[in-house]
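Here are the chains, one letter per residue:
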Amino acid sequence: MNTNILQGKVVVVTGAASGIGRAIAINAAKHGAKAIIVSDISETPREGGTPTTHEIEAFGVPVRFHKTDVSQREQVDALVEAAAEFGGVDVMVANAGITLRADGADVNEDDFHRLMSVNLDGTLFSAQAAARQMKARGKAGSIVLMASMGGLSGAGMTVAYSTSKGGVVLMAKAMADALGPDGIRVNAVAPGTIDTHLLRTSPGIAEAAEGFRQRTPLRRLGRPEEIGDAVAWLGSDLSSYVTGIALLVDGGLLSVI
Ligand SMILES: NC(=O)c1ccc[n+]([C@@H]2O[C@H](COP(=O)([O-])OP(=O)(O)OC[C@H]3O[C@@H](n4cnc5c(N)ncnc54)[C@H](O)[C@@H]3O)[C@@H](O)[C@H]2O)c1
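Structural notes, computed from the coordinates. (Residues numbered from 1 in each chain as written. Predicted model: local features only at pLDDT ≥ 70, side-chain atom pairs only at ≥ 80, totals over all residues. Heavy atoms only, no water.)

To continue, consider the site of the ligand. Residues in close proximity to the ligand total 28 residues, the closest being S18, D40, R46, Y161 and T196. In the model, an oxygen atom of the ligand is placed 2.6 Å from a nitrogen or oxygen of the D40 side chain. Within the contact set of the ligand, an oxygen atom lies 3.3 Å away from a backbone nitrogen or oxygen of G192. (Near = heavy atom within 4 Å. Polar contact = N/O pair within 3.5 Å; in protein donor to acceptor, adjacent residues only side chain to side chain.)

Assignment of secondary structure puts R185 in strand β6 (residues 185-191). Taking the C-alpha atoms as reference points, R185 and G235, separated by 50 residues in sequence, lie 8.9 Å from one another. A polar contact of 3.0 Å, which involves the side chain of R185, links it to the backbone oxygen of S236. From its side chain, R185 meets the backbone oxygen of V242 in a polar contact 3.0 Å long. (Helix = DSSP H or I, 4+ residues; strand = E, 2+ residues; numbered from the N terminus.)

Before going further, it helps to examine the nonpolar core. Within the largest apolar cluster, 35 residues are counted, with the highest numbers of intra-cluster contacts made by V89, M92, I143, L145 and V186. Counting residues per element, the ones that place at least two in this core are β1 (10-13), β2 (35-40), α3 (73-82), β4 (91-94), α4 (109-137), β5 (142-146), α5 (159-179) and β6. Once residues lying within four places of it in the same chain are set aside, the contact partners of V186 are I143, L145, A172, M175, A176, L179, T243, G244 and I245. V13, A25, I56 and V63 belong to the second largest nonpolar core, which has 27 residues in total. (Core = buried A, V, L, I, M, F, W, Y, C linked by side-chain atoms within 4.5 Å. Buried < 20%, exposed > 50% of the residue type's maximum accessible area, 1.4 Å probe, protein only. Contact = heavy atoms within 4.5 Å.)

Let's shift gears to the packing of α4 against α5. Axis separation between α4 and α5 bottoms out at 9 Å; the angle between their running directions is 15°. In terms of their interaxial angle, α4 and α5 are classed as roughly parallel. As α4 packs across α5, the resulting crossing turns out to be right-handed. Residues F112, L115, M116, N119, L120, T123, L124, A127, Q128, A131 and K135 of α4 form the contact with α5, whose own contacting residues are A160, Y161, T163, S164, K165, G167, V168, M171, M175 and L179. (Axes fitted to C-alpha atoms, helices over the stretch in contact; angles between N-to-C directions. Parallel < 35°, antiparallel > 145°, perpendicular 65-115°, else oblique. Left-handed = near helix turned anticlockwise from the far one by under 90°.)

Taking 1.5 Å as the rise per residue, α4 with 29 residues should run 42 Å; its terminal C-alpha atoms sit 40 Å apart, in good agreement. Its maximal kink placed at S117, α4 deviates by approximately 35°. N-cap assignment for α4: the residue whose side-chain oxygen lies 2.9 Å from the backbone N of D110 is N108. (Expected span 1.5 Å × (residues − 1). Bend = angle between axes of the 7 residues up to and from the residue.)

Read across the sheet, seven strands follow the order β3-β2-β1-β4-β5-β6-β7 without closing on themselves; strand pairing throughout is parallel. One side of each edge strand has no neighbouring strand; the edge strands of this open sheet are β3 (63-67) and β7 (246-249). Each strand of the sheet is rotated relative to its neighbour by a mean of 20°, with strand direction disregarded. One ladder, built from four bridges, connects β6 with β7; its direction is parallel. (Pairing = 2+ DSSP bridges.)

Here you go:
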C-alpha cells in the first residue's frame, strides 16, 4: 500500500542492500519519503536481484548508496553527514545485523566480539551520529533500532545473538530517555521469523524456521515488507507520542508457548 506518511522525511537505512533493510528502504519510497540513503558494506543484495537504489529510483524518490561498515564509527559519521545534501536525517534506521555460524553456549570469544561490533557497536554509532545531527539541526527525528524476538526471549542456539538484541531493546529505552527532551524518539522493532537470506542461512535458525511457522498464530513466516511498514509507522508523525518501545512484529509467536 502506498501512503504519504513519510512525506518530507529524509530516511537513512543501514544494512539496506538485502532482506529487511532493503524492504525498509523501498517501503520508505512507497510511503512518500523525501530522500533515502541506502547504506551497506556491499550494494549487491545477498538474496540476488537488482540493487535497492534501482528499485527506489522507479518511485522517482532521490536516492544515494553509501558504502558503510557500521562497526566503524567514522564510516557511520560519514554516512549521516551524507544526509546533509537533503537537509539532514529525519529517520535513522539502524538495521544492519549479523548472526554467527557457530553461536550457542560455547560461542568463541572472537565470534562473540565480532557479532557485538556489528549488532551493538554499529547500532550505537548509528543512533549517536543521527542524534548529534538531529540536535544540531533542531529536528524532532525518529531513530529506529533493529532488535529481534530473540532479544526478548532467549534461545540456546543463539546466545551471542540474543545477548546483542536484548542490548538493542534496552539501548532504545535508555536512548529514548536521553534524547526525549530534544524531541527525538528512539524505538526498537523486534521481528519474529522473517523470510530473508539471514533466516535461510543461519545454522540452527534455518532448521527451526518450519517449527516456528507451525507455532505462529498466523501460521506463516513474516515478509520483509511487513517490517518495513512497522518501521515506516515509527518513523512517521503517526507515532509522535511513541518512544522507548520494542514493537514486536512476529505474527503472534511470542504470545504463545
Ligand atoms: N530475518 C529475520 O528473521 C530477523 C528476525 C529478527 C531480527 N532480524 C534483524 O533484522 C536485521 C536485518 O536482517 P535480515 O534478515 O534482513 O538479514 P540479511 O542478512 O538479509 O541482511 C542484512 C544486511 O546487513 C548487511 N551488513 C552486515 N554486516 C554489516 C556491517 N558491518 N555494516 C553494514 N551492513 C552490514 C549485510 O550486507 C546485509 O545486506 C538484522 O539486524 C537482523 O538481526 C532479522
